[in-house]
Amino acid sequence: MTVIIDKTDLKKKYKKVGYYPGCALEGSAIPYDKSTRAIGKALGLELVDVTDWNCCGAMEVKNIDPQVETYLSSRVLSNAQHKDKMDVVMAPCNGCYKNLKQAEHELGHSEKSRDVVSKISAKAGHEAYESGNVETIHALDWIKMGYGEDELRKKIKGGLKGLKIANYYGCMYTRPRNIFPEKAPGAGGDDLIKPHYMDDLLAVAGAENVEFPLKTACCGGAHTLSDRDMSTKLVLNILEAAEAAGAEVIATECPTCHSGLEMHQIRALKRLSKKTNVKVIYFTQLLGMAMGLSPRKVGLNGNISDSRGLMKEKGII
Amino acid sequence: MAIHEKSLIRPENITSGENLVIDGIDVSGDWSTFIHSRVVSDYNEDMQDEIEALPGGEFIHRCWQCGSCTNSCTVNAENPDFNPRYWIYLIRMGMESELLRDKDIIWQCVSCNKCTSACPRDVVPEGVMKATAHWMELKGHTPKSESHIFDEIFTHQVIKYGKIEDSEVLRDHMKQTGRPLMQDWFVQMVKNMIKGLPVMQLMRMGWATVFHPKTKGWASASAAIAEHIAEEREIERKALGIAKREPDVNHLDAAE
C-alpha cells in the first residue's frame, strides 16, 4: 500500500489552515463552532475562515443533482485556494468534510464532473477548482496530526477524570471508502473500519474509552425529519449500545449525528417510552474542558442534552 | 433465477391443507404446501436504461448479485423487506410489477453508504436506491416522498442564498408535508434548548431566522446552477419519455 500521508511536516502544515464551518456550525451546531475555535486558540493553531463560503450541498442536493453538489463543494475549495491562498481546509462537520473529499475525488476521476464544474464556475465568474490543490482534513486530523498527542498532553489541565466515553464517528467520516484513500490500510491516516483518532485524543485528555461496537453506525441523519420513526429506532440502538458498554457520554464529531442523537433521545422517550441517560457532547467541548476552558467558552449550555450536572458531579467543571 | 425463487413466491399463491390425511398419514400444514405456478410476462425492457439515466443509477449494470449491499444495509437490519440486492436484480431483469410491490419503502434509504463501501463492483447501491425512488415518482407510481420534499426545500435554499438556515428548512418541511410543528417531542426539545441557552446564541439564532444567512457574491453562481439543473431535467425527461413537468413549489424548475 502506498503511504499517502507524510506525517513529518504536518505540524508545520496544519499550524495555519483554512476553516470551513459550514451552515450547521452557524445554526444548530453553534457550540461545535465555538469549542473548535476556542481550542484552536488555546493550542495556538490558526484558523482562516474561507472567504464567502457556501453550502457544500449536504446530503440533499446530490439527490436533486450530484454534479451541482460537486460544484458547490468545489467552489469552497476554489475560494480557499485562490482567495485565501490556503492549501489545507479543515471542516469539523462530517457532511462538509465528506463532500469536499467527494468533490476532490470526482474532479480527479470524472470527466463529466470536470466539465460541469468548469462550465458553472465560468458562468459564476470564479476560477474552477482543479483536484490536487487543496487538502481537506477533519477537525480530528487537525488536532491529532497538527498538534500531536504528546504536545496535547502538556496542555491538559484537570482532564476528564476517567469519564466513560463512547466515541461515535457516524457515517461520513469513513464512507464511502473510495474518497478517503489516506484511510486505506497502510496509507497513514485513520482506520476505515475502526477509526480511533477521537479515542486517542480523548484518552490523552483523561477519559476512559469504552468498547463501543457502533462507532460508525448510522443515526438516520439524512431522514431525521422525513422518516422520523426509523431515525428514532436507529438512534435508540446507538444510545442503548453506548449505555450497555458503560458509557456516561457519547462524544460526537458531526453536527447531524449530534443533533440527531439529542432530538431522537427525546423522541424515543416521548413516543416509545424508552429513557436513556447518556449525554451527548462534541469531542471539541470535552477536549476544551479537559484543557481547563470554562463550560461557557466551549458552549456546553448550548447543547440540548444537558450534561452540566454530570460534569460537575465528575469534578470536570 | 435459482437464488431468487423464494422471494418470488407471493403469499396468495401458497396453498396448504389445514387438515389433510393421505393414506393414514397426517400431512397437514407445511407438508402439503402447494405453490401455484405463475407466468411473468410483463417485462419492462427499458427499466434498467431509465434508472441508469437518472443521477446515482449510472453503475447499476456492474452488479453481479453478491449481496454485500443488503448484508451491510442499515435499513435492512430494521426492515428485512428493504433489500437493495433484490431490487437491483429486478431492475436488471425488467420485472417492474415485482419491484412495484416494494414501491413505498425504497425511498427509505438513509444514505449511510455502508453498501457503497462494501460493494466490490462499485455499483454505488446508495445512488441506485435514490435513482429508483426518483424513477417511481417520475413515472407516477408513488407520490413525492417526504425525503424528496426535504431535498427540494434544501436545494432551493442553497440555490437562492448559497447557505441554508436550519429552522427555515424545518418549518418549510413541516408545512409542505402538512404536519403540525408543535408535537410533544419537538416542544420538549425546544424547552431543553432554551433552558440554559446563552443569550448571545439565542440572539444569533434569532438573527439568522429573520435575516437568512447568505453567501456574498452568490447571484451569478445561483443563476448558473439553476440553468444547469433545468438542462439536466430536460435530458432526464427525454430519457424517460415523460411529459414536461409542472413547476414545483420549491421552484427548482424555475429556469425551464
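Above: the structure in question.
We now turn to the structure provided with this report. Once a new chain begins, its residue numbering starts again from 1 and follows that chain's sequence as written. The naming scheme follows written order: chains are lettered A onward, ligands numbered 1 onward. In keeping with the predicted nature of the model, local features appear solely for residues at pLDDT of at least 70, side-chain atom pairs appear and are counted solely at 80 or more, and the whole-chain, interface and lining totals rest on all residues. Neither water nor hydrogens contribute to the side-chain values; these are computed over all heavy atoms in the structure.

## Regarding the overall build of chain A
What chain A contains, in helices and strands, is 13 helices and eight strands. The globule rule used for comparison is 2.2 Å times the number of residues to the exponent 0.38, while the radius of gyration itself is calculated over C-alpha atoms. Scaling as 2.2 N^0.38, a compact globule of 317 residues should have a C-alpha radius of gyration of about 20 Å, and chain A matches this with 19 Å. In terms of overall dimensions, chain A has a C-alpha envelope of 55 × 45 × 40 Å along the principal axes. Any residue under 20% of the maximum accessible area for its type is buried, any over 50% is exposed, and the rest in between are partly exposed; the area is computed with a 1.4 Å probe on protein chains only. Out of the 317 residues belonging to chain A, those deemed buried represent 65%. We call two residues in contact when some of their heavy atoms are within 4.5 Å. A separation threshold of at least 6 residues defines the contact pool for chain A, and within that pool the share at least 24 residues apart is 79%. Here, Shrake-Rupley sampling with a 1.4 Å probe gives the accessible areas, and only protein chains in the shown set may cover a residue. When the accessible surface of chain A is totalled, it reaches about 11,000 Å², and 50% of it is carbon and sulfur. By the criteria applied, helices consist of DSSP H or I runs no shorter than four residues and strands consist of E runs no shorter than two, each listed in order from the N terminus.

## Brief notes about the overall build of chain B
Looking only at helices and strands, chain B features 13 helices and four strands. Taken against the 2.2 N^0.38 rule, which gives 18 Å for 256 residues, the C-alpha radius of gyration of chain B at 24 Å runs more than 25% over that of a compact globule. If one aligns the C-alpha atoms of chain B with their principal axes, the spans along those axes are about 85 × 50 × 35 Å. Counting over 256 residues, chain B shows a buried share of 48%. If you take every contact in chain B between residues at least 6 apart in sequence, the share linking residues at least 24 apart comes to 61%. Summing over all exposed atoms, chain B offers an accessible surface of approximately 13,200 Å²; the carbon and sulfur share of this is 57%.

## Considering empty space enclosed by the protein
All names here are of chain A. Buriedness of a pocket was judged along seven lines, with at least five required to meet protein on both sides within 12 Å; pockets are open sets of points on a 1 Å grid over the protein atoms alone, cavities are sets where a 1.4 Å probe fits but cannot get out, and lining residues have an atom within 4 Å of a point. Grid points are joined across faces, edges and corners, and a volume is the space filled by probe spheres set on the points. Considering all chains together, one arrives at five cavities of 30 Å³ or more under this definition. Quantified by volume, the largest cavity comes out at close to 100 Å³. Taken together, 17 residues make up the lining of the largest cavity; nearest its centre are Met 59, Cys 171, Met 172, Cys 219 and Gly 221. The residue inventory of the lining of the largest cavity, partitioned by class, reads twelve nonpolar, five polar and no charged. Three categories are distinguished: nonpolar for Ala, Val, Leu, Ile, Met, Phe, Trp, Tyr, Cys and Pro, charged for Asp, Glu, Lys and Arg, and polar for the others, with Gly belonging to the last.

## With respect to the packing of aromatic side chains
Note on aromatic pairs: each is described by the distance of the centres and the angle between the planes. Only rings of Phe, Tyr and Trp enter the pairing, Trp through its six-membered ring, and a pair is recorded when the two centres are within 6.5 Å. The plane angle decides the type: under 30 degrees is stacked, over 60 is edge-to-face, the rest tilted. Here the structure, examined in full by the defined rule, presents eight aromatic pairs over all chains. Judged by centre distance (4.8 Å) and plane angle (75°), the ring pair of Phe 82 of chain B and Trp 87 of chain B falls under edge-to-face. The buried category is assigned to Phe 82 of chain B, whose relative accessible area is 1%. By relative accessible area, which is 0% here, Trp 87 of chain B ends up buried. For the ring pair Trp 185 of chain B and Phe 186 of chain B, a centre distance of 5.9 Å and an interplane angle of 90° mean the geometry is edge-to-face. Across the pair, exposure class does not vary: Trp 185 of chain B and Phe 186 of chain B are buried alike. Every member of this aromatic cluster is reached through a ring pair, and the members are Tyr 97, Tyr 169, Tyr 173 and Phe 180 of chain A. Lying across the ring of Phe 180 of chain A, Lys 183 of chain A places its NZ or CZ 4.4 Å from the centre. Placement of a positive charge over a ring is assigned whenever Lys NZ or Arg CZ falls within 6 Å of the ring centre and within 35 degrees of the normal to the ring plane.

## A word on the nonpolar core
Ranked by internal contacts, the top residues of the largest apolar core, which has 106 residues, are Tyr 20, Leu 152, Leu 160, Leu 202, Phe 283 and Leu 286 of chain A. Apart from the residues within four sequence positions on either side, Tyr 20 of chain A is in contact with Val 50, Trp 53, Asn 54, Cys 55, Cys 56, Val 76, Val 89, Met 90, Ala 91, Pro 92, Cys 96 and Leu 100 of chain A. Throughout this description, the term nonpolar core refers to a set of buried Ala, Val, Leu, Ile, Met, Phe, Trp, Tyr and Cys residues connected via side-chain atoms within 4.5 Å. Residues Ala 222 of chain A together with Leu 99, Cys 109 and Ala 131 of chain B belong to the second largest nonpolar core, which totals 40 residues.

## Structural notes on the sheet that holds strand E8 (residues 279-282) of chain A
Within a sheet, adjacent strands bond to each other through the backbone by hydrogen bonds, running parallel or antiparallel. Residue and element names in this part refer to chain A. If DSSP finds at least two bridges between two strands, the strands pair. Spatial strand order, E6-E5-E7-E8: four strands in an open sheet with parallel pairing. The sheet is open, and its two edges are formed by strand E6 (208-209) and E8, each paired on a single side. Examined bridge by bridge, strand E7 (residues 249-252) and E8 share four bridges and lie parallel to one another. Bridging from a neighbouring strand, Val 249 pairs with Lys 279 of E8. Orientation is described by lines fitted to C-alpha atoms, with helices fitted over the stretch in contact, and by angles between N-to-C directions that extend from 0 to 180 degrees. Lying on the sheet, helix H9 (residues 197-204) is in contact with strand E5 (164-167), E6 and E7; it crosses E5 at an angle near 160°. Against the sheet, helix H12 (residues 283-290) contacts E5, E7 and E8, and its axis sits at roughly 80° relative to E8.

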